[in-house]
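Residues per chain are reported as follows:
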Amino acid sequence: MFDDVDSLVHVLLRWGHIVFGIIWLGHLYFFNLVNVPFQGDLDKELKPKVNPKLLLRAFYWFRWGAMYTFIFGWVLFGFRYMHQHLMREADGSVSNRTFWILFGGIIGTIMWFNVWFVIWPRQKKILGGLVAGTPHPDAAAMAATAGKASRFNTYASGPMLFGMVVANNYPGWHVTGMLLALIIGVGFWFGLIKRSFKIKPTV
């Protein structure tokens, strides 16, 4: 069972990357497809009672899901593409597979940066003010900035996932397909976000 250490390490790294990726992106989609429309319908006087308990828990899993996805992802990249020599083709050229995984990895890194250095610092102040009973004076502006970063991450997740999937399942797709991945990935989430505001909370 443990005679092939490289394969075992690969499985464990990929498992960690996927599990924490599900936690991260699941919360990202919850915020953008469920919470944003919900907040628009929530009575103003209820927000101090509802949001801290709900959103502080959600942001915990959101930000740490992002952190561990980021860590596992780049460690996995180093293990597979450097240690296991997937970076280049037999002729020495950089492989399409490498281009695709870097395409996804760079987008994912921008998304991780947004979580830790744009979204969470602002939400921490906003929610902290609600908990203390003294709303932050710049809460509206901070919420707008955090919301834009979160929406960007939602759109970016489409092409990012294309990069991850293509690299491991269809590496022959030429790098010019990245433009198509951007169009399809962004368009998919644009449609879902528009749809999220039309869903009625009825049985």
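It should be emphasised that the depicted structure is a prediction, and the values quoted were computed from it without experimental measurement.

Rules behind the numbers
Residues numbered from 1 in each chain as written. Predicted model: local features only at pLDDT ≥ 70, side-chain atom pairs only at ≥ 80, totals over all residues. Heavy atoms only, no water. Helix = DSSP H or I, 4+ residues; strand = E, 2+ residues; numbered from the N terminus. Buried < 20%, exposed > 50% of the residue type's maximum accessible area, 1.4 Å probe, protein only. Contact = heavy atoms within 4.5 Å. Core = buried A, V, L, I, M, F, W, Y, C linked by side-chain atoms within 4.5 Å. Phe/Tyr/Trp six-rings, centres within 6.5 Å; stacked < 30°, edge-to-face > 60°. Lys NZ or Arg CZ within 6 Å of the ring centre and 35° of its normal.

Considerations on the side chain of N51
Then, in step 1: Among the structural elements, N51 can be located in helix 2 (residues 47–83).
Then, in step 2: Residue classification places N51 among the buried residues on the basis of a relative accessible area of 5%.
Then, in step 3: In this structure, N51 is in contact with Q39, L42, L56, L127 and L130, ignoring residues within four places of it in sequence.

Notes on the nonpolar core
Then, in step 1: Membership of the largest hydrophobic core comes to 34 residues, with the highest contact counts inside it found for W24, L25, F59, F62, W100 and M111.
Then, in step 2: Where this core is concerned, the elements lending two or more residues are helix 1 (5–41), helix 2, helix 3 (96–132), helix 4 (139–169) and helix 5 (177–196).
Then, in step 3: At twelve residues, the largest contribution of residues to this core is made by helix 3.
Then, in step 4: With near-sequence residues (within four places) excluded, F59 lies in contact with F31, I119, W120, Q123 and L127.

Remarks on the packing of aromatic side chains
Then, in step 1: Across all of its chains, the model carries 19 aromatic pairs by this definition.
Then, in step 2: Here Y29 and W189 contribute two aromatic rings whose centre-to-centre distance is 4.0 Å and whose plane-to-plane angle is 25°, an arrangement assigned as stacked. Taken as a pair, Y29 in helix 1 and W189 in helix 5 lie far apart in primary sequence, 160 residues in all. W189 carries the same exposure label as Y29, and that label is buried.
Then, in step 3: Between F31 and F59, the aromatic rings sit 4.6 Å apart at their centres with planes inclined by 25°, giving stacked as the arrangement. Within this pair, whereas F31 is found in helix 1, its partner F59 is found in helix 2, the two being separated by 28 residues in sequence.
Then, in step 4: Its relative accessible area of 5% is what places F31 among the buried residues.
Then, in step 5: Of note, R63 hangs over the ring of W120, and the distance from its end group to the ring centre comes to 4.1 Å.

In short, shape yes, function no, at least from these values alone.
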